[in-house]
Amino acid sequence: MKTVSKLALTYRKQFSQSLPSFLTKRLVVPFNQLSDKKYKCLVEEGERVMEGQLIAFPVKGDADEDAAINAPIPGIIGPVVKCRLPNGRIGQGIEIQLSGSFSYLGRKVERRDWKTVGHDDLLKLLLAKGVVNTFGGSISLVSQINACRNRGGSFLVVRLFDEDPSRSTDSFVGRHKGMEVAEGAAIIATLMGAKGIVFLLPKGTDTVVENEPVKDFTVLTVEVDDSNYPAGFQENIIRIVRKYVKNTQVEYFGSIHVDSLFVDSETAFAVYEAIVLGKPVIESFVEVSGSCLRSSAIFQVKHGTSFADLANQCGGFKEKPARVVVNGMLGGTMLTDFDVPVTKFVKSLTFIPKSELHNQDFIACIRCGKCRSACPEHLFPDILASPMLFDISDKVFFRESMALCSGCKLCNAVCPSRIPLAQIISLLKKEA
């Protein structure tokens, strides 16, 4: 497997602590926080809500295993409005005007002995508390747990570093919330009936897995050189673990495969807070950085807080930004709108000045072969993304080849024609 050594380390920062983000008087909480699922609003304009109260739930029949959306602050419900989402799409959200006292913020929360709670009740809690899996996006964790339990014999894989080396959010949570992450992993493993738990630690850091919460499971800890990109995608992790197992002769974990459940440290931490502390998913750790900002930080951000408000908390701009990149410089989404609310899957924001932007216009493929040289899976992205292959129903070879694509987007990064190869291949994978 090819890797790009020390890629994007110039962007990486080691934060020693997180800061609570400023509370704003008005938030817009999007409904479309979980793929393209349809949600039903449970509150009306003018109604008063408490912090953590259910405000939206998946439409019955559309998704019985999808997480709810909870009010991130106490306040008065405003109108349903259109808003730009962090993935670049337009969706609907509901306004909340800050008013009243908090239920969780600044209050001591008692621990719950989750081992005395039934399996079905724990799953219902995960749904009601709005827990999703942010490994590779925003996915229904409960549906994944149920699928693994029905298959049987699956492993739980917990990645304690970021798949995009230009951000450090999951690494920060894994480093500073090790006990909580381990207990969250134990809860997930119990619910899915896992054969064992694999923890992937970033090599050369002080990240430590606490053994006490996972003492009832067979555990494998593997150090990964996350500076060699790509190392954190599902396909890469499977190869790394299998190679480690082969070299160390730990045969028990040799059967790890794509049907295992992969989560990141933020997801495991959210499970811990939801089940042990009873706290809904109403905030996330978000790294805010960029050369045009006066400072950078990792914030604990209430969902619905705008990107612009977070930039202001960093001291504002010393240079006018032209774009903001959501979730990493290598695989993230670039936006021109800063009045966008933070949602469950936002992990980082990087504000970019115009001077650092390259020409984004794309031209026809010049057959330079750079995408083939860069591909860690030894694929030919230019051929896979060819318009001739849009109808691929009878092309088994191409379907199998595209299934090997990890989505690292290195082909995009090296293409001199600026063709969005990775996005085209992703669309074709879904069609296939």
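Residues numbered from 1 in each chain as written. Predicted model: local features only at pLDDT ≥ 70, side-chain atom pairs only at ≥ 80, totals over all residues. Heavy atoms only, no water.

1. Points about the overall build of the protein chain
Next up, step 1: Across its full length, the protein chain holds twelve helices and 19 strands.
Next up, step 2: Over its C-alpha atoms the protein chain spans a radius of gyration of 21 Å, differing by no more than 12% from the 22 Å that the globule rule assigns to 432 residues.
Next up, step 3: Across its three principal axes, the protein chain shows a C-alpha extent of roughly 60 × 50 × 45 Å.
Next up, step 4: Across the 432 residues of the protein chain, 53% fall into the buried class.
Next up, step 5: Contacts in the protein chain between residues far apart in sequence, at least 24 positions, make up 69% of those at least 6 positions apart.
Next up, step 6: By element, 51% of the accessible surface of the protein chain is carried by carbon and sulfur atoms, the whole surface being about 19500 Å².
Next up, step 7: When the 52 positive and 47 negative side-chain charges of the protein chain are each reduced to one mean point, those points stand 3 Å apart. (Helix = DSSP H or I, 4+ residues; strand = E, 2+ residues; numbered from the N terminus. Rg over C-alpha atoms; globule rule 2.2 N^0.38 Å. Buried < 20%, exposed > 50% of the residue type's maximum accessible area, 1.4 Å probe, protein only. Contact = heavy atoms within 4.5 Å. Areas by Shrake-Rupley, 256 points an atom, 1.4 Å probe, with all protein chains shown as cover. Lys, Arg positive; Asp, Glu negative; His and termini not counted. Charge placed at Lys NZ, Arg CZ, Asp CG, Glu CD.)

2. Quick notes on the packing of aromatic side chains
Next up, step 1: Inspection of every chain in the model, using the stated rule, returns eleven aromatic pairs.
Next up, step 2: For the ring pair Phe172 and Phe285, a centre distance of 6.0 Å and an interplane angle of 50° mean the geometry is tilted. With Phe172 in helix α3 (residues 169–176) and Phe285 in strand β15 (residues 283–289), the pair connects residues that are 113 residues apart, well separated along the chain. In this structure, Phe172 and Phe285 share a single accessibility class: buried.
Next up, step 3: Between Phe317 and Phe351, the ring centres sit 5.3 Å apart and the planes meet at 65°, which makes this aromatic pair edge-to-face. (Phe/Tyr/Trp six-rings, centres within 6.5 Å; stacked < 30°, edge-to-face > 60°.)

3. Remarks on the sheet that holds strand β13 (residues 219–224)
Next up, step 1: The sheet built from four strands is open, its strands ordered β13-β12-β11-β14 with parallel pairing. A single partner strand is all that each edge strand has here, and the edge strands are β13 and β14 (261–264). Here the strands of the sheet are splayed against their neighbours by 20° on average, with no regard to which way each runs.
Next up, step 2: Running at roughly 110° to β13, helix α5 (residues 234–248) makes contact with β11 (156–159), β12 (197–202), β13 and β14 of the sheet. (Pairing = 2+ DSSP bridges. Axes fitted to C-alpha atoms, helices over the stretch in contact; angles between N-to-C directions.)

4. What to know about the pairing of β14
Next up, step 1: On β14, burial covers both faces: Leu261 and Val263 on one face and Phe262 and Asp264 on the other are all buried.
Next up, step 2: Of the strand pairs in this sheet, β11 and β14 are connected by four bridges, and their pairing is parallel. Counterpart to Arg159 in the pairing with β14 is Asp264.

5. Some points on empty space enclosed by the protein
Next up, step 1: Tallied over the entire structure, the rule returns two cavities of 30 Å³ or more.
Next up, step 2: Roughly 120 Å³ of volume is contained in the largest cavity.
Next up, step 3: Considering the residues around the largest cavity, the lining is formed by 15 residues, among which Cys375, Pro381, Cys405, Cys408 and Cys411 are closest to the centre.
Next up, step 4: Secondary-structure elements contributing two or more residues to the lining of the largest cavity are α9 (381–384), α11 (410–414) and α12 (421–431).
Next up, step 5: Classifying every residue of the lining of the largest cavity by side-chain character gives eleven nonpolar, two polar and two charged.
Next up, step 6: Its boundaries defined by the atoms lining it, the second largest cavity holds a volume of some 30 Å³.
Next up, step 7: Along the walls of the second largest cavity sit Leu160, Gly174, Gly178, Val181, Ala182, Phe199, Val208 and Val209, which together make up its complete lining.
Next up, step 8: Ranked by residues supplied to the lining of the second largest cavity, first place goes to helix α4 (residues 178–192) with three residues.
Next up, step 9: In terms of residue class, the lining of the second largest cavity is built from six nonpolar, two polar and no charged. (1 Å grid on protein atoms, 1.4 Å probe; cavity = no way out; pocket = protein on both sides within 12 Å on 5 of 7 lines; lining within 4 Å. Points joined across faces, edges and corners; volume = space filled by probe spheres on them. Nonpolar A, V, L, I, M, F, W, Y, C, P; charged D, E, K, R; others polar.)

6. A closer look at the pattern of salt bridges
Next up, step 1: Applying the stated criterion across every chain yields a total of 17 salt bridges.
Next up, step 2: Put simply, Arg159 and Glu163 hold a salt bridge, and the shortest N to O gap is 2.9 Å.
Next up, step 3: A residue is classified by how much of its surface remains accessible, and Arg159, at 1% relative accessible area, is buried.
Next up, step 4: Asp162 is the salt-bridge partner of Arg167, the closest N and O atoms lying 3.0 Å from each other.
Next up, step 5: Accessibility expressed as a relative area gives 2% for Asp162, which makes it buried.
Next up, step 6: One connected set of salt bridges, linked through shared partners, spans Arg159, Asp162, Glu163, Arg167, Asp170, Asp264, Glu266 and Lys347. (Salt bridge = Lys/Arg side-chain N within 4 Å of Asp/Glu carboxyl O.)

7. A closer look at unusual backbone geometry
Next up, step 1: A cis amide bond links Tyr229 with the next residue in sequence, Pro230, at an omega value of -5°.
Next up, step 2: Mapped onto the secondary structure, Pro230 falls in the loop between β13 and α5.
Next up, step 3: Although it is not a glycine, His378 sits at a positive phi angle of roughly 60°.
Next up, step 4: With respect to the helices and strands, the residue His378 is situated in the loop between α8 (370–374) and α9.
Next up, step 5: Residue classification places His378 among the exposed residues on the basis of a relative accessible area of 52%.
Next up, step 6: Positive phi outside glycine occurs at Lys409, with the angle close to 70°.
Next up, step 7: When you line up the elements, Lys409 lands in the loop between α10 (396–403) and α11.
Next up, step 8: On the accessibility criterion, Lys409 (22% relative accessible area) is partly exposed.

8. Overview of the packing of α4 against helix α6 (residues 265–275)
Next up, step 1: Two elements in contact, α4 and α6, have axes separated by 7 Å at closest approach and are oriented at 80°. Considering their axes alone, α4 and α6 lie roughly perpendicular with respect to each other. In contact with Glu180, Val181, Glu183, Gly184, Ala185, Ile187 and Ile188 of α4, α6 contributes Ser265, Ala268, Phe269, Val271, Tyr272 and Ile275.
Next up, step 2: Residues belonging to the contact of α4 with α6 are distributed by class as follows: nine nonpolar, two polar and two charged. (Parallel < 35°, antiparallel > 145°, perpendicular 65-115°, else oblique.)

9. Comments concerning the confidence of the model for the protein chain
Next up, step 1: Mean pLDDT for the protein chain: 87, with 91% of residues reaching 70 or above.
Next up, step 2: Across residues 1–11 the pLDDT falls below 50, and counting only partners more than four positions away or on other chains, this stretch makes 33 contacts in the model. (pLDDT = per-residue confidence, 0-100.)

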